[in-house]
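# Breakdown of the fold
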Amino acid sequence: MKPGTKLKSTVDDTEVMVIKSGEGQIESGGAPMAEEKPAELGTLSPDFSAGTLMGKRYVDAAGTFELLCVKPGKGNLSVNGVALSIKDAKPLPASD
């Protein structure tokens, strides 16, 4: 998957843009994401129902995946069943 690809959840309203991607299946709400929205939404997994926040970047522990949430939803993001976390903002340099 290349940077700039937009993915849509198959179980809720979540939409993300791929910033950085490695090998693995990107998921939302416990279900694989797709480039096209399905006609009928699937079932949200209770284990992956923490939700997403618009404008936040989500990363995996290794830094291989980075996703930008462009539309929030009820499911949280994961790769191969491992939940992604919100990327911390870089602190600005102190000005004296």
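Residues numbered from 1 in each chain as written. Predicted model: local features only at pLDDT ≥ 70, side-chain atom pairs only at ≥ 80, totals over all residues. Heavy atoms only, no water.

## Side note on the overall build of the protein chain
- Counting secondary structure elements, the protein chain contains zero helices and nine strands.
- Each helix and strand of the protein chain, ordered N terminal to C terminal, gives the series β-β-β-β-β-β-β-β-β.
- Expected size for 96 residues packed as a compact globule is a radius of gyration near 12 Å; at 14 Å, the protein chain falls within 12% of this value.
- The dimensions of the protein chain, computed from C-alpha atoms along their principal axes, are 55 × 25 × 20 Å.
- Sorting the 96 residues of the protein chain into buried and exposed places 34% on the buried side. (Helix = DSSP H or I, 4+ residues; strand = E, 2+ residues; numbered from the N terminus. Rg over C-alpha atoms; globule rule 2.2 N^0.38 Å. Buried < 20%, exposed > 50% of the residue type's maximum accessible area, 1.4 Å probe, protein only.)

## Here's the deal with the sheet that holds strand β5 (residues 57–59)
- In spatial order, the strands read β1-β2-β6-β5-β9; together these five strands make up an open sheet with antiparallel pairing. Edge positions in the sheet fall to β1 (6–8) and β9 (85–86), since each of these pairs with one other strand and no more.
- Two elements, strand β2 (residues 15–20) and strand β6 (residues 66–71), share five bridges in a ladder whose sense is antiparallel. Bridging from a neighbouring strand, Met17 pairs with Leu68 of β6. (Pairing = 2+ DSSP bridges.)

## A look at the pairing of β6
- The pairing of β5 with β6 spans three bridges and is classified as antiparallel. What sits directly across from Arg57, in β6, is Leu68.
- The loop that links β5 with its antiparallel partner β6 comprises six residues; one of these, Gly63, has a positive phi angle of about 80°.

## Points about the sheet that holds strand β4 (residues 31–32)
- The antiparallel open sheet is built from four strands, whose spatial order is β4-β3-β7-β8. Looking at which strands have only one partner, the edges of the open sheet turn out to be β4 and β8 (82–83).
- Across two bridges, strand β3 (residues 26–28) lies against β4 in antiparallel orientation. In the strand pairing of β4, Glu27 is matched with Pro32.

Shape descriptors only; they carry no functional weight alone.
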